[in-house]
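Descriptive structure summary
Letter by letter, the chains look like this.
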Amino acid sequence: MIIQGKDATMNNPSISVSRGPTPTIEATGLSMVVSPRRGDSLTILNDIAFTAYPGEMTGIIGPSGSGKSTLLYCLAGLEKATSGTVLLLGKDITRLGLSAMTKFRRQHLGFVFQSYNLITSMTVEQNLALPFTLRGSRFPRKTADSLLKYFGLIDQKKKSVTLLSGGEQQRVALARVLLSDVDVVFADEPTGALDQESGEKVISVLKGLANHEKKTIVLVTHSNEVAGQCDRLFAVRDGRISQSFSAKAPMA
Ligand SMILES: Nc1ncnc2c1ncn2[C@@H]1O[C@H](COP(=O)(O)OP(=O)(O)OP(=O)(O)O)[C@@H](O)[C@H]1O
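Residue positions within a chain follow its written sequence, with the count starting from 1. Reporting in this predicted model follows two pLDDT cut-offs: at least 70 for local features of residues, and 80 or more for side-chain atom pairs to be given and counted; totals over whole chains, interfaces and linings ignore these cut-offs and use all residues. Excluding hydrogens and water, the side-chain figures rest on all heavy atoms present in the structure.

**Observations concerning helix α4 (residues 124-135)**
Buried residues of α4: Val124, Glu125, Asn127, Leu128, Ala129, Leu130, Pro131 and Phe132, and no others. At its buried positions, α4 is contacted by α5 (141-150) and α6 (166-180). Each helix is a run of H or I in the DSSP string that is no shorter than four residues. Each strand is a run of E no shorter than two, and both are numbered from the N terminus. Looking one or two places after α4, you find glycine 136, whose phi comes out positive at around 75 degrees. Classification of residues uses two cut-offs on accessible area relative to the type maximum, computed with a 1.4 Å probe and protein chains only: under 20% is buried, over 50% is exposed, and between them is partly exposed. Contacts were defined at the residue level, with two residues in contact if any of their heavy atoms lie within 4.5 Å.

Spelled out as structure tokens, the structure:
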């Protein structure tokens, strides 16, 4: 029996209360203030509250310069917010030191960014194998090859990633995320450098990871089509959340 409310369960332990799924990411009071010049201060993020759930693809949208990428980087622990907390898989990452954060990131997080993801001195295949080398586990070469085939990159596997286009590098990053089986994937404009067909493929892979494999996907996008595929959306304007929506029910 599922009922709402706290008091009813107090005298009857057999009644279960519906609390909904536990968020994978829960950020509160997140602010980022920088000093571009001495004496100046610029507020990039202002008291942000953000939640993302397993099984969902969550989008961050908003005008250029509104703070979307900064928010994504803070949620992923790649940048430290000035204040506020980010609970990621139950851990407050704003309190983690550099080496603990690196370890946590390797174990649980994947990134599909146009910059900051691939090791430029390595080939495509070496980049795919890197997370396994770092964890000391076996590299699933056959699965890697099938992913490279799926993304049209098999002929590039022995090439240095620096010889690939931005869109190809993005697909290598996505193949690496798929292989590594991480819990949370952060993607910054994952279709930005792609033609329509490749973009649709990438979004359908990310959406499948969320909806079928119960991973948590958080992406920044300028594309209305991509935003329309998200299960949850946060609109950022001038460093604040101006609106949020859920496909299941309207939010605040
Ligand atoms: N370290 C920093 N120092 C000074 N200004 C910064 C810093 N980081 C970001 N900014 C500024 O903060 C604002 C938000 O940047 P951010 O990259 O998060 O925006 P965005 O919404 O992702 O933009 P776009 O859609 O154009 O990529 C921008 O005006 C940017 O120039």
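**Thoughts on the site of the ligand**
As a matter of local geometry, the ligand sits amid Val34, Leu42, Ile44, Pro63, Ser64, Gly65, Ser66, Gly67, Lys68, Ser69, Thr70 and His222. The term polar contact refers here to a pair of N or O atoms within 3.5 Å; inside protein, the definition further demands a hydrogen-donor-capable atom paired with an acceptor-capable atom, and it admits residues adjacent in sequence only when both atoms are side-chain atoms. Serine 64 is positioned such that a nitrogen or oxygen atom in its side chain is 2.5 Å from an oxygen atom of the ligand. At 2.9 Å, a backbone N or O of serine 69 approaches an oxygen atom of the ligand. Contributing elements (two or more residues each) for the shell around the ligand: β4 (42-52) and α2 (68-75). Sorting elements by how many residues they give to the shell around the ligand places α2 first, with 3 residues. Residues belonging to the shell around the ligand are distributed by class as follows: 4 nonpolar, 7 polar and 1 charged. Nearness here has a simple test: a residue counts as near a molecule or strand if at least one of its heavy atoms is within 4 Å of that partner. Polarity classes work like this: nonpolar for Ala, Val, Leu, Ile, Met, Phe, Trp, Tyr, Cys and Pro, charged for Asp, Glu, Lys and Arg, and polar for all others, with Gly in that last group.

**Re the side chain of lysine 207**
Locating lysine 207 in the fold gives a position in helix α7 (residues 196-211). Classification of lysine 207 by relative accessible area gives buried; the value is 18%. With residues up to four places along the chain from it excluded, the contact list for lysine 207 reads Met57, His212, Gln229 and Asp231.

**Observations regarding α5**
Count 3.6 residues to each turn of an α-helix, and residues three or four apart come out pointing the same way. The set of residues buried in α5 consists of Ala144, Asp145, Leu147 and Leu148. Relative to the axis of α5, the buried residues are bounded by an arc of 165 degrees and lie together on one face. Residues of α5 that are exposed and point over 90 degrees away from its buried face: Lys142 and Lys149. Looking at the buried positions of α5, the neighbouring elements they touch are α4 and α6. Each direction from the helix axis to a C-beta atom contributes to the arc, which is the arc of those directions.

**Re the sheet that holds strand β3 (residues 25-34)**
Pairing between two strands requires that DSSP report at least two bridges joining them. Spatially, β4-β3-β6-β7 is the arrangement adopted by the 4 strands of the open sheet, whose pairing is antiparallel. Of all strands in the sheet, those bounded by a partner on one side alone are β4 and β7 (91-92). Pairing between β3 and β4: 7 bridges, direction antiparallel. If you follow leucine 30 over to β4, its bridge partner there is isoleucine 48.

**Remarks on the packing of α6 against α7**
What counts as an axis is a line fitted to C-alpha atoms, over the stretch in contact for a helix, and the angles between N-to-C directions run from 0 to 180 degrees. Interaxial distance between α6 and α7 falls to 12 Å at its minimum, and their mutual angle equals 20 degrees. Relative to α7, α6 is oriented roughly parallel. Where α6 crosses over α7, the two elements pack in a sense that is left-handed. Of the residues in α7, those in contact with Arg171, Leu174, Val177 and Leu178 of α6 are Ser198, Val202, Val205, Leu206 and Leu209. Class assignment of the residues belonging to the contact of α6 with α7 gives a composition of 7 nonpolar, 1 polar and 1 charged. Angle categories are assigned with fixed cut-offs, so that under 35 degrees is roughly parallel, over 145 is roughly antiparallel, 65 to 115 is roughly perpendicular, and the rest are oblique. Note on convention: near helix rotated counterclockwise from far helix by under a right angle means a left-handed crossing. Clockwise means right-handed.

**What about the sheet that holds strand β10 (residues 216-220)?**
Strand order in this open sheet of 6 strands is β8-β9-β10-β5-β11-β12, and the pairing throughout is mixed. Sheet topology places β8 (109-112) and β12 (240-246) at the edges, where each strand pairs with a single neighbour. Shown here is a sheet whose adjacent strand axes are inclined to one another by a mean of 15 degrees, direction ignored. Here 4 bridges tie strand β5 (residues 57-61) to β10, and the two strands are oriented parallel to one another. Within β10, the position partnered with methionine 57 by the bridge is isoleucine 217. Against the sheet, α2 makes contact with β5, β9 (184-188), β10, β11 (232-237) and β12, and its axis sits at roughly 155 degrees relative to β9, the strand it touches most.

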